[in-house]
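# Analysis of the macromolecular model
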Amino acid sequence: MRYDLVIFDNDGVLVDSEPISNRLLAAYLTELGHPTTYEDSIRDYMGSAMHRIHELVLERTGRRLPADFDTTFHSRVFDAFRRELEPVTGVADVLEKLNADGVPYCVASSGSHERIRVALRKTGLYGLFDEQRVFSSEDVGRGKPAPDLFLHAARTMGVPPERCAVVEDSPLGVQAAIAAGMDVYGYTAMTPAAKLARAHARFAKMAELPQLLA
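Conventions adopted
- Residues numbered from 1 in each chain as written.
- Predicted model: local features only at pLDDT ≥ 70, side-chain atom pairs only at ≥ 80, totals over all residues.
- Heavy atoms only, no water.
- Helix = DSSP H or I, 4+ residues; strand = E, 2+ residues; numbered from the N terminus.
- Rg over C-alpha atoms; globule rule 2.2 N^0.38 Å.
- Buried < 20%, exposed > 50% of the residue type's maximum accessible area, 1.4 Å probe, protein only.
- Contact = heavy atoms within 4.5 Å.
- Areas by Shrake-Rupley, 256 points an atom, 1.4 Å probe, with all protein chains shown as cover.
- Lys, Arg positive; Asp, Glu negative; His and termini not counted.
- Charge placed at Lys NZ, Arg CZ, Asp CG, Glu CD.
- Salt bridge = Lys/Arg side-chain N within 4 Å of Asp/Glu carboxyl O.

## Here we look at the overall build of the protein chain
Helices and strands together make up the secondary structure of the protein chain, namely nine helices and six strands. Relative to its length of 214 residues, the protein chain is compact, with a C-alpha radius of gyration of 16 Å against a globular reference of 17 Å. Taken over 214 residues, the protein chain has a buried fraction of 52%. Once local pairs closer than 6 in sequence are excluded, the contacts in the protein chain between residues at least 24 apart make up 66%. Carbon and sulfur atoms form 51% of the exposed surface of the protein chain, whose accessible area is close to 9,400 Å². Each charge sign in the protein chain was given a centre, from 24 positive and 30 negative side chains, and these centres are 2 Å apart.

## Comments concerning the environment of Ile-20
Inspection of the secondary structure puts Ile-20 in helix α1 (residues 18-31). In this structure the C-alpha to C-alpha distance between Ile-20 and Pro-145, which are 125 residues apart in sequence, comes to 22 Å.

## As for the pattern of salt bridges
Under the definition given, this model contains 15 salt bridges. Ionic pairing is found between Glu-84 and Arg-83, a salt bridge with its closest N-O pair at 3.7 Å. For Glu-84, a relative accessible area of 33% translates into the label partly exposed. Of the charged contacts, one joins Lys-97 and Asp-101 as a salt bridge, the two residues approaching to 3.1 Å between their closest N and O atoms. Here Asp-101 and Lys-97 lie together in helix α5 (residues 91-101), a separation of four residues that amounts to about one turn. Owing to a relative accessible area of 41%, Lys-97 belongs among the partly exposed residues under this scheme.

In structure tokens form, the structure reads like this:
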């Protein structure tokens, strides 16, 4: 394999969480007086760190979200995850193949550490990671589309950016990976391929990924 590290996004790439979290985000924003459809949430917030949601709402409306917005939203999301969340089809096989081939991998997500761990535990993927391979935007302060998170993950794992591949399903994540100087592979199961046009390559099924990385 031509890469020394494969960096996976979490939501929508490892776990099938985007339909759940965007449904709940749209409902909560609407409840707070910011009418938002599921499609709006996917378009505007998918792949974002929480601070970007606050920034966009303030920019568009001149109103700040409540101080307890993050806590309330995460509580709702975690409850739904524990009931509904499933792994992305085929991703466990990809991780096991990387393990068998001796290729290091990690997860780098805009979500909080708690969100990542809740998701990976519910889906049975947590055993395929260890604490040293879980990275969150909480670690760097600026989430995607800034490159900080991916650069932090690569630096911690001891791999130069040009030797890293990133697996992403959001335009913001693709933008961040490119800014970090990494090749990025766009997963199009949920995101229209045209929105990931800047990716190094695009694929619709996880079973296709190992061959792309080879």
